[in-house]
Amino acid sequence: MAVSCKIYSFKDVSIPPEVKTIRVGFIENRARYVDPQLSPQLTDKFKQKISNQTKLTQIQGDNPDYDVSAYVSEYNVTTAGVSKEAASINRLTVTVHMALRNRLNDQKLGTPDFETDISRNFDFPAGQTLNDAETALTPTIVSQMTDDLFNRLFSNW
């Protein structure tokens, strides 16, 4: 019987076969302004993406191979464009701080421990309230930030 020790991959995702479990904590919103929809949606979408695109088993208990924690550290609106001496475009900047603790580091398997900030900007018309912009932007924010978190975790970009 032949045993294979190859790394399996999906869409540029490389995970050694020894990495079997992952724990993803709730992505808390610690920014000064809190969109109450963002944290639960981001956490759920990130967990779904891991389930759908890896063979890792998500656990809640102790000793996962990968232990991922994250929080929204910035959720700020600034003026991004001016027209006729008035704001025309506002920019919402969302930053998520993510940390990975790899229990298999001593075996030099998988992604090394890291902490990083992942940030994206989302523009909206200055005449629109932040609440209205959030309604329109939240699905895009959740989708893009989920992709960025996933790629940083599994593709090492």
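Residues numbered from 1 in each chain as written. Predicted model: local features only at pLDDT ≥ 70, side-chain atom pairs only at ≥ 80, totals over all residues. Heavy atoms only, no water.

A closer look at the nonpolar core
As a rule of thumb, nonpolar side chains are buried together in soluble globular proteins. I22, F46, V94, M98, L153 and F154 are the most contacted members of the largest nonpolar core, which has 37 residues in total. Secondary structure elements with two or more residues in this core: β2 (13–15), β3 (21–24), α1 (38–53), β6 (66–83), β7 (86–102), β8 (114–125) and α2 (130–155). By residue number, the principal contributor to this core is α2, which donates nine residues. Beyond its immediate sequence surroundings of up to four residues, F46 is in contact with V24, I27, V68, M98, T146, L149, F150 and L153. (Core = buried A, V, L, I, M, F, W, Y, C linked by side-chain atoms within 4.5 Å. Buried < 20%, exposed > 50% of the residue type's maximum accessible area, 1.4 Å probe, protein only. Helix = DSSP H or I, 4+ residues; strand = E, 2+ residues; numbered from the N terminus. Contact = heavy atoms within 4.5 Å.)

Some thoughts on the packing of aromatic side chains
All chains considered together, the criterion is met by three aromatic pairs. Between F150 and F154, the ring centres sit 4.9 Å apart and the planes meet at 55 degrees, which makes this aromatic pair tilted. You can see F150 and its partner F154 sitting in helix α2, four residues apart, about one turn around the helix. Just as F150 is buried, F154 falls in that class too. An aromatic cluster of at least three residues, connected via ring pairs, comprises Y66, F150 and F154. (Phe/Tyr/Trp six-rings, centres within 6.5 Å; stacked < 30°, edge-to-face > 60°.)

Notes on the packing of α1 against α2
Two elements in contact, α1 and α2, have axes separated by 9 Å at closest approach and are oriented at 45 degrees. What the angle tells us is that α1 and α2 run oblique. Where α1 crosses over α2, the handedness of that crossing is right-handed. Contact residues: α1 offers L38, Q41, L42, K45, F46, K49, I50 and Q53, while α2 offers T138, I141, V142, S143, M145, T146, D147, L149, F150, L153 and F154. In terms of residue class, the contact of α1 with α2 is built from eleven nonpolar, five polar and three charged. (Axes fitted to C-alpha atoms, helices over the stretch in contact; angles between N-to-C directions. Parallel < 35°, antiparallel > 145°, perpendicular 65-115°, else oblique. Left-handed = near helix turned anticlockwise from the far one by under 90°. Nonpolar A, V, L, I, M, F, W, Y, C, P; charged D, E, K, R; others polar.)

Some details on the pattern of salt bridges
The final tally for this structure, using the stated rule, is eight salt bridges. The salt bridge involving D62 is made with R23; its shortest N-O contact spans 3.9 Å. Remark: R23 occurs in strand β3 and D62 occurs in the loop between β5 (57–58) and β6; sequence separation between them is 39 residues. Among the residues examined, D62 registers a relative accessible area of 65% and is labelled exposed. In this structure, R91 engages D123 in a salt bridge whose closest nitrogen and oxygen atoms are separated by 2.7 Å. Residue R91 is located in strand β7, and its partner D123 is located in strand β8; the two are separated by 32 residues in the primary sequence. Accessibility expressed as a relative area gives 29% for R91, which makes it partly exposed. Among the charged side chains, a salt-bridge network with shared partners connects R23, D62 and D67. (Salt bridge = Lys/Arg side-chain N within 4 Å of Asp/Glu carboxyl O.)

What to know about the environment of D35
Structurally, D35 is set in the loop between β4 (28–29) and α1. For the pair D35 and N131, spaced 96 residues apart in sequence, the C-alpha to C-alpha distance is 8.8 Å. Leave out the neighbours within four places in its chain, and D35 touches N29, Y75, E134 and T138. In this structure the side chain of D35 is engaged in a polar contact, spanning 3.3 Å, whose partner is the side chain of T138. (Polar contact = N/O pair within 3.5 Å; in protein donor to acceptor, adjacent residues only side chain to side chain.)

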